[in-house]
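What follows is the residue order along each chain.
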Amino acid sequence: MPEATHLSLPPGIVDRIVQAALDEDGAADDVTTRGVVDPRQWGRGVFVAKDAGVIAGLPVAAAAMCALDDAVSFDALVDDGARVSAGEELAEVEGLMASLLVAERVALNFLQRLSGIATITREYVDAVAGTAARILDTRKTTPGIRHLERYAVRAGGGFNHRFNLASGVLIKDNHIAAARARGLTDVADVVALARAAAPHTMRIEVEVTGIEQLTEALQGGADVILLDNMPVDQIRACVAAVAGRALVEASGGVTLENVRAIAESGVNFISVGRLTHSAPALDISLEIGGA
């Protein structure tokens, strides 16, 4: 279930992800820069937002710019989570021109991707403002950079769902199907199995598709009910049926057009896969010049 919303990134994980990206890009062996740029040439650059949005990933961009040359300086001009306008300067960078050029694309890739996630998250958060519903991400993240993308969701004002399969119990339709194949026909029995296998501190969440499964999940003592791909009127009816006996999450088919109505149904959480699997990158450039 939702985790802390503070803006923090594990430094070791950031360094590992950044180094892998630089290695993938061949940054340490940039044949163009090596052939064209004087190794003693000094340069300065400015990261500029080309579109309005919410910024996330400045510490990651800084790590990318400085990873191959710790003499490079990176000075953020705004904070992650800030709304910016088109044309606004985000950060200044200074160092050997070659060092700036070899890291430019990787730094921009992270900053654009994470800012895009933060921007779309803020749109969803703003859409449900004034309700009790929290906007959550999902595990539909880019392999290898989940820490960064979840950070971007927090920068946009959203909350994080379980980090991975080991950090929370979520009984989905295929778990129920597998249990039925072994002879368990009641969702309450599946909940009991999961509770017996999980730490006593861990909530048990169950995905349901209708009132019958909902009733069985509640009878089994589920802590959280996940309403999967339901229209708003059905969500509203399910929330009434739960009557406060469990937390309620809505998921599936959530758009900016219907998220407000879903939030007003009384759910506690709304999980949105689009935050991480389909967020468009925010247009940001690095404008580099000589010193």
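Description of the structure in this document. (Residues numbered from 1 in each chain as written. Predicted model: local features only at pLDDT ≥ 70, side-chain atom pairs only at ≥ 80, totals over all residues. Heavy atoms only, no water.)

1. Section: the nonpolar core
Here is step 1 of the chain: Judged by nonpolar contacts, the single largest core of 87 residues is most densely connected at Phe47, Met65, Leu90, Val206, Ile225 and Ile270.
Here is step 2 of the chain: Per-element tally for this core: the top contributor is helix α4 (residues 97–127), with 13 residues. (Core = buried A, V, L, I, M, F, W, Y, C linked by side-chain atoms within 4.5 Å. Buried < 20%, exposed > 50% of the residue type's maximum accessible area, 1.4 Å probe, protein only. Helix = DSSP H or I, 4+ residues; strand = E, 2+ residues; numbered from the N terminus.)

2. Let's talk about the sheet that holds strand β9 (residues 224–228)
Here is step 1 of the chain: One open sheet holds the 6 strands; their spatial order is β6-β11-β10-β9-β8-β7, and the pairing between them is parallel. The outermost strands of the open sheet, each flanked by one partner alone, are β6 (134–136) and β7 (169–171). Across the sheet, the mean angle separating the axes of adjacent strands is 25° when strand polarity is ignored.
Here is step 2 of the chain: Relative to strand β8 (residues 204–208), β7 runs parallel, the two being bridged by 3 bridges. Directly across from Ile171, in β8, lies its bridge partner Val206.
Here is step 3 of the chain: Sitting on the sheet, helix α7 (residues 187–197) touches β7 and β8, and the angle it makes with β8 is about 150°.
Here is step 4 of the chain: Sheet contacts for helix α8 (residues 211–219): β8 and β9; angle to β8, the most-contacted strand, approximately 165°. (Pairing = 2+ DSSP bridges. Axes fitted to C-alpha atoms, helices over the stretch in contact; angles between N-to-C directions. Contact = heavy atoms within 4.5 Å.)

3. Observations regarding the packing of aromatic side chains
Here is step 1 of the chain: In the structure shown here, the tally under the stated rule is 1 aromatic pair.
Here is step 2 of the chain: Ring geometry for Phe47 against Phe74: centres 5.7 Å apart, planes inclined by 55°, an arrangement best described as tilted. With a gap of 27 residues between them, Phe47 in strand β1 (residues 42–49) and Phe74 in strand β3 (residues 73–76) connect regions that are remote in the sequence.
Here is step 3 of the chain: A relative accessible area of 16% means that Phe74 is categorised as buried. (Phe/Tyr/Trp six-rings, centres within 6.5 Å; stacked < 30°, edge-to-face > 60°.)

4. Section: the sheet that holds β1
Here is step 1 of the chain: Taken in spatial order, the 4 strands make up an open sheet running β3-β5-β1-β12, and their pairing is antiparallel. Two strands close off the open sheet at either side, each with one partner strand: β3 and β12 (284–290). Direction aside, the axes of adjacent strands within the sheet are offset by 15° on average.
Here is step 2 of the chain: Summarising the sheet, β1 and strand β5 (residues 89–96) pair through 7 bridges and their orientation is antiparallel. Residue pairing in the sheet places Val48 in a bridge with Glu89 of β5.
Here is step 3 of the chain: Sheet strands touched by helix α3 (residues 58–66): β1, β3, β5 and β12. Its angle to β3, the strand with the most contacts, is close to 165°.

5. A few points about the pattern of salt bridges
Here is step 1 of the chain: Enumeration over the complete set of coordinates arrives at 10 salt bridges.
Here is step 2 of the chain: Linking Asp38 and Arg40 is a salt bridge whose minimum nitrogen-to-oxygen distance equals 3.3 Å.
Here is step 3 of the chain: A relative accessible area of 33% places Asp38 in the partly exposed class.
Here is step 4 of the chain: For Arg40, a relative accessible area of 69% gives the class exposed.
Here is step 5 of the chain: The shortest N-O distance in the salt bridge between Glu207 and Lys172 comes to 3.0 Å. (Salt bridge = Lys/Arg side-chain N within 4 Å of Asp/Glu carboxyl O.)

6. Concerning the packing of α3 against α4
Here is step 1 of the chain: At a minimum axis separation of 8 Å, α3 and α4 run at an interaxial angle of 165°. By the angle between their axes, α3 is roughly antiparallel relative to α4. At the point where α3 passes α4, the crossing takes the right-handed sense. Residues Leu58, Val60, Ala61, Ala64 and Met65 of α3 form the contact with α4, whose own contacting residues are Leu100, Ala103, Glu104, Val106, Ala107, Phe110, Leu111 and Leu114.
Here is step 2 of the chain: Residues of the contact of α3 with α4, tallied by class, amount to 12 nonpolar, no polar and 1 charged. (Parallel < 35°, antiparallel > 145°, perpendicular 65-115°, else oblique. Left-handed = near helix turned anticlockwise from the far one by under 90°. Nonpolar A, V, L, I, M, F, W, Y, C, P; charged D, E, K, R; others polar.)

7. Some words on α8
Here is step 1 of the chain: Within α8, the full set of buried residues consists of Gln213, Leu214, Glu216, Ala217 and Leu218.
Here is step 2 of the chain: Looking at the buried side of α8, the elements it contacts are α6 (173–181), α7, β8, β9 and α9 (232–242).

8. Topic: the environment of Ile204
Here is step 1 of the chain: Relative to the elements of secondary structure, Ile204 occurs in strand β8.
Here is step 2 of the chain: According to the relative accessible area criterion, Ile204 is buried, its value standing at 1%.
Here is step 3 of the chain: Here the alpha-carbon distance between Ile204 and Glu92, two residues 112 residues apart in the chain, equals 47 Å.
Here is step 4 of the chain: Not counting residues up to four positions away in its chain, the partners in contact with Ile204 are Val169, Ile171, Val191, Ala194, Arg195, Ala198, Ala222, Asp223 and Val224.

9. Description of the pairing of β5
Here is step 1 of the chain: Direction of pairing for β3 relative to β5: antiparallel, over a ladder of 4 bridges. Its bridge partner being in β5, Asp75 is matched across the sheet by Glu92.

10. Some details on the environment of Ile262
Here is step 1 of the chain: Note that Ile262 resides in helix α10 (residues 259–263).
Here is step 2 of the chain: Once the C-alpha coordinates of Ile262 and Ser251 are considered, the two residues, 11 residues apart in sequence, prove to be 9.7 Å apart.
Here is step 3 of the chain: Not counting the four nearest positions on each side in its chain, Ile262 is found in contact with Val232, Ile235, Ala250, Val254, Val267 and Ile270.

11. Comments concerning the packing of helix α1 (residues 11–24) against α4
Here is step 1 of the chain: One can describe the packing of α1 onto α4 by two numbers: an axis separation of 10 Å at closest approach and a directional angle of 130°. With respect to α4, the axis of α1 lies oblique. The handedness of the crossing between α1 and α4 is right-handed. When α1 is examined against α4, the residues Ile17, Val18, Ala21 and Leu22 are found in contact with a partner set consisting of Ala103, Val106 and Phe110.
Here is step 2 of the chain: Of the residues that constitute the contact of α1 with α4, the class distribution is 7 nonpolar, no polar and no charged.

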